[in-house]
Amino acid sequence: MNVIFLGPPGAGKGTQAQQVCKELNIPQISTGDILRRAIKEQTPTGIEAKRYIDQGQLVPDEVVIAIVKERLAMDDCKNGYILDGFPRTVPQAEALAQFADIDAVVELDVPDDHLVQRLSGRRVCLNCGATYHVSRKQDNVCDNCSHELIQRDDDKPETVLSRLEVYHKQTAPLVEFYQNRNVLKKIDGSQSVDAIFAQILESLRG
Ligand code: AMP
């Protein structure tokens, strides 16, 4: 099953994608995680991407499309995958349609005021991509892999607002794009993590 997780930053795409991937035994492909790894390793793509990410802007379509095309061609994607954070623009969705058949698009719907609160307290593990909220974490160490947790530069308040604006302008049109293709499954992302997880599985199996 080839699935896209769509939703604003902080909607819980990463958290849910990680759990659903484990359940369905398919890989999670997060363009944000791939780009952050490239930045850490200072590859040419990482150096270019950093300029955009730090400002809360989108990395150019050609760059992310090439990354995803290469990744989906790998063996572990043969039985399906979850795309987390891609596509984020209509041109990305159009490009994806040329090299992938998408079975379902899960839209996580969360109001903006919840998102600001979630993003500003978010801590991430750069090693495995797990995310936590400061209010529910006593230490600063990843439960999965024991690496240190950090606050992403783009989760700082000034950048969060531009990311939300970018989402509404550039990514939200994808809701209609996939609705027109009859693959959209809208989920209320302000529920508990467990309730959202159960609804996603039901919508994918139903
Ligand atoms: P994320 O971890 O999904 O929130 O992504 C972090 C940042 O990486 C975004 O704010 C963008 O700057 C960049 N990024 C990730 N995925 C994409 C994409 N599909 N298109 C453009 N930029 C992206």
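Here, every reference points to the structure presented above.
Trainee: For this particular structure, what's the right way to read the environment of K185?
Mentor: Examined against the element boundaries, K185 turns out to sit in strand β8 (residues 184-188). Along the chain, K185 and F5 lie 180 residues apart, while their C-alpha atoms are 9.7 Å from each other. With near-sequence residues (within four places) excluded, K185 lies in contact with A104, V105, V106, E107 and S203.

Trainee: Help me understand the packing of helix α6 (residues 112-120) against helix α7 (residues 157-171), please; the structure alone is not making it clear to me.
Mentor: Helix-helix packing: each pair is described by the crossing angle between the helix axes and the interaxial distance. For the pair α6 and α7, interaxial distance at closest approach is 10 Å and the crossing angle is 140°. When the interaxial angle is binned, α6 and α7 end up oblique. The element α6 and its partner α7 pack so that their crossing is right-handed. Here D112, L115, V116 and L119 of α6 come into contact with α7, specifically with V160, L161, R163, L164 and H168. Of the residues assigned to the contact of α6 with α7, the class counts are six nonpolar, one polar and two charged.

Trainee: Help me understand the packing of aromatic side chains in this model?
Mentor: Any two aromatic rings considered together are summarised by their centre-to-centre distance and by the angle between their planes. With the rule as written, the count across this model stands at one aromatic pair. Plain terms: the ring middles of F177 and Y178 are 4.9 Å apart, the flat faces sit at 80° to each other, and that makes the pair edge-to-face. Across this residue pair, the class does not change: F177 and Y178 are buried. Above the face of the Y132 ring, K137 is positioned so that its terminal group lies 5.1 Å from the ring centre. Directly above the ring of F177 sits R181, whose terminal nitrogen or CZ lies 3.7 Å from the centroid.

Trainee: Teacher, can you tell me more about the environment of S146 here?
Mentor: Mapped onto the elements, S146 comes out in the loop between β6 (131-133) and β7 (149-150). Taking C-alpha positions, S146 is 9.8 Å from C128, a pair spaced 18 residues apart along the chain.

Trainee: Sorry if this is basic, but what is going on with the site of the ligand here?
Mentor: Looking at the ligand, there are 16 residues lining it, with T31, R36, Q57, R88 and Q92 nearest. Q57 has a polar backbone atom sitting 2.6 Å from an oxygen atom of the ligand. Grouping the amino acids of the shell around the ligand by side-chain chemistry returns six nonpolar, five polar and five charged.

So, how was this worked out
Residues numbered from 1 in each chain as written. Predicted model: local features only at pLDDT ≥ 70, side-chain atom pairs only at ≥ 80, totals over all residues. Heavy atoms only, no water. Helix = DSSP H or I, 4+ residues; strand = E, 2+ residues; numbered from the N terminus. Contact = heavy atoms within 4.5 Å. Axes fitted to C-alpha atoms, helices over the stretch in contact; angles between N-to-C directions. Parallel < 35°, antiparallel > 145°, perpendicular 65-115°, else oblique. Left-handed = near helix turned anticlockwise from the far one by under 90°. Nonpolar A, V, L, I, M, F, W, Y, C, P; charged D, E, K, R; others polar. Phe/Tyr/Trp six-rings, centres within 6.5 Å; stacked < 30°, edge-to-face > 60°. Buried < 20%, exposed > 50% of the residue type's maximum accessible area, 1.4 Å probe, protein only. Lys NZ or Arg CZ within 6 Å of the ring centre and 35° of its normal. Near = heavy atom within 4 Å. Polar contact = N/O pair within 3.5 Å; in protein donor to acceptor, adjacent residues only side chain to side chain.

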